[in-house]
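# A closer look at the structure
The residues making up each chain are set out below.
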Amino acid sequence: MFEETLYQGKAKTLYGTSDPDELVVVFRDDITAFNGEKHDILKDKGRFNAAASAFFMELLASHTIATHFIRMDDTITMRVRHLAMIPLEVIIRNRAAGSMVKRYPVAEGTVLDPPIITIDYKDDARGDPMMNDEIICGLGILTPAELEEIKEKTRRINTILCDFFAGYGIALIDFKLEFGRYKGEILLGDEISMDSMRLWDEKTRESLDKDVYRENKGDVIKTYHTLLSRILPEIDEEFD
Ligand code: C5P
């Protein structure tokens, strides 16, 4: 049963439930870029991201990475554990792209070995400023041990996802994670979807993610559909 709206994000809405330990996340068809400056509503976008996110959360659980995911209630409605979210966007980068290339002297596509973790403070009004370890711990957002735990989890998740995509000829360029506290543990929250990852076809370097929308490179719904049909054909069949 849904109770009050707890949080309306740019592409998802969170509702309380009769169980204080559980929330439901509804994946909407909204797609945004540049801190909401660009916005559209695209049919099936919510279903695609919900299906991808559920799949990846289950994949991580099978590798003993604890996440907020409980189950899908329907194609756009995910039941999750009620985390106290940590306001950080943890990004791990295997190759330089996006803000890395805009801010630093590195050519797009340069392999970053070992991968680089960058962390932004999640605050649209402040433009999601980049943090460093001293600010994160100095402001009491995380203890040094928690920060290390989050970085370690992020590296493990990166290895699992890179291996997964490599099997389909797809390079995982970078992606963003969000974590939260739940009963004394730090769990992965939010989503893992084409909205929060950069994926390139290994051979052609074609974008298979939200950059298609950000950079007006084509029909992003077609791209998401093509990606799902490539990596999760059994799920993609539901969308035909
Ligand atoms: O913009 P930037 O290059 O820093 O993004 C790095 C990665 O994090 C990309 O995969 C992007 O989709 C993701 N990201 C996100 N949400 C944000 C910022 C970045 O999912 N608010």
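Residues numbered from 1 in each chain as written. Predicted model: local features only at pLDDT ≥ 70, side-chain atom pairs only at ≥ 80, totals over all residues. Heavy atoms only, no water.

## Comments concerning the site of the ligand
As a matter of local geometry, the ligand sits amid 14 residues, with Arg93, Ser99, Asp174, Arg198 and Arg214 nearest to it. A distance of 2.5 Å separates an oxygen atom of the ligand from a polar side-chain atom of Ser99. When the free accessible area of the ligand is taken as 450 Å², the share hidden by the protein chains comes to 81%. In the shell around the ligand, the residues fall into four nonpolar, three polar and seven charged. (Near = heavy atom within 4 Å. Polar contact = N/O pair within 3.5 Å; in protein donor to acceptor, adjacent residues only side chain to side chain. Areas by Shrake-Rupley, 256 points an atom, 1.4 Å probe, with all protein chains shown as cover. Nonpolar A, V, L, I, M, F, W, Y, C, P; charged D, E, K, R; others polar.)

## A closer look at the domain arrangement of the chain
Partitioning the chain into domains gives domain 1 (5–83 + 220–239) and domain 2 (84–212). Look at where the C-alpha atoms of domain 1 and domain 2 centre, and you get two points 18 Å apart. For the domain 1 and domain 2 pair, buried surface summed over both sides reaches about 3,100 Å², with 64% attributable to carbon and sulfur atoms. If you sort the residues of domain 1 by the area they bury against domain 2, Phe56, Leu83 and Arg230 come out on top, with a joint share of 23%. In this structure, the connection of domain 1 to domain 2 is made through 21 residue pairs in polar contact (both at pLDDT 80 or more). Of all the secondary structure elements, the ones that give two or more residues to the side of domain 1 that touches domain 2 are strand S4 (30–33), helix H1 (45–62) and helix H6 (220–231). With 10 residues, the single largest contributor to the side of domain 1 that touches domain 2 is H1. Residue composition of the side of domain 1 that touches domain 2, grouped by class: 19 nonpolar, 10 polar and six charged. (Domains from an automatic or database assignment. Buried area = accessible area lost by both parts, 1.4 Å probe. Helix = DSSP H or I, 4+ residues; strand = E, 2+ residues; numbered from the N terminus.)

## Observations concerning the environment of Ile173
Among the structural elements, Ile173 can be located in strand S11 (residues 170–177). Ile173 has contacts with Ile92, Arg93, Asn94, Arg95, Ala97, Arg198 and Trp200, leaving out every residue within four places of it along the chain. (Contact = heavy atoms within 4.5 Å.)

## Some words on unusual backbone geometry
The omega angle of the peptide bond from Asp113 to Pro114 is 5 degrees, so this bond is cis rather than trans. Although it is not a glycine, Asn35 sits at a positive phi angle of roughly 55 degrees. Position of Asn35 among the secondary structure elements: in the loop between S4 and strand S5 (38–41). Positive phi outside glycine occurs at Asp44, with the angle close to 80 degrees. By the secondary structure assignment, Asp44 is in the loop between S5 and H1.

## Some remarks on the sheet that holds S11
Adjacent strands of a sheet form backbone hydrogen bonds with each other and so pair up, either parallel or antiparallel. As summarised here, the arrangement of the four strands in space is S10-S9-S11-S14, forming an open sheet in which the pairing is antiparallel. Unpaired on one side and paired on the other, strand S10 (111–121) and strand S14 (197–201) mark the two borders of the sheet. Strand-to-strand twist across the sheet, computed as the mean angle between neighbouring axes with direction ignored, equals 15 degrees. With seven bridges connecting them, strand S9 (residues 88–95) and S10 associate as antiparallel partners. (Pairing = 2+ DSSP bridges. Axes fitted to C-alpha atoms, helices over the stretch in contact; angles between N-to-C directions.)

## Quick notes on the pairing of S14
Among the five residues of S14, five are classified as buried, and the element is accordingly described as predominantly covered. Both faces of S14 are covered, namely the face carrying Met197, Leu199 and Asp201 and the face carrying Arg198 and Trp200. Relative to S14, S11 runs antiparallel, the two being bridged by five bridges. Paired with Ala171 across the bridge in S14 is Trp200. (Buried < 20%, exposed > 50% of the residue type's maximum accessible area, 1.4 Å probe, protein only.)

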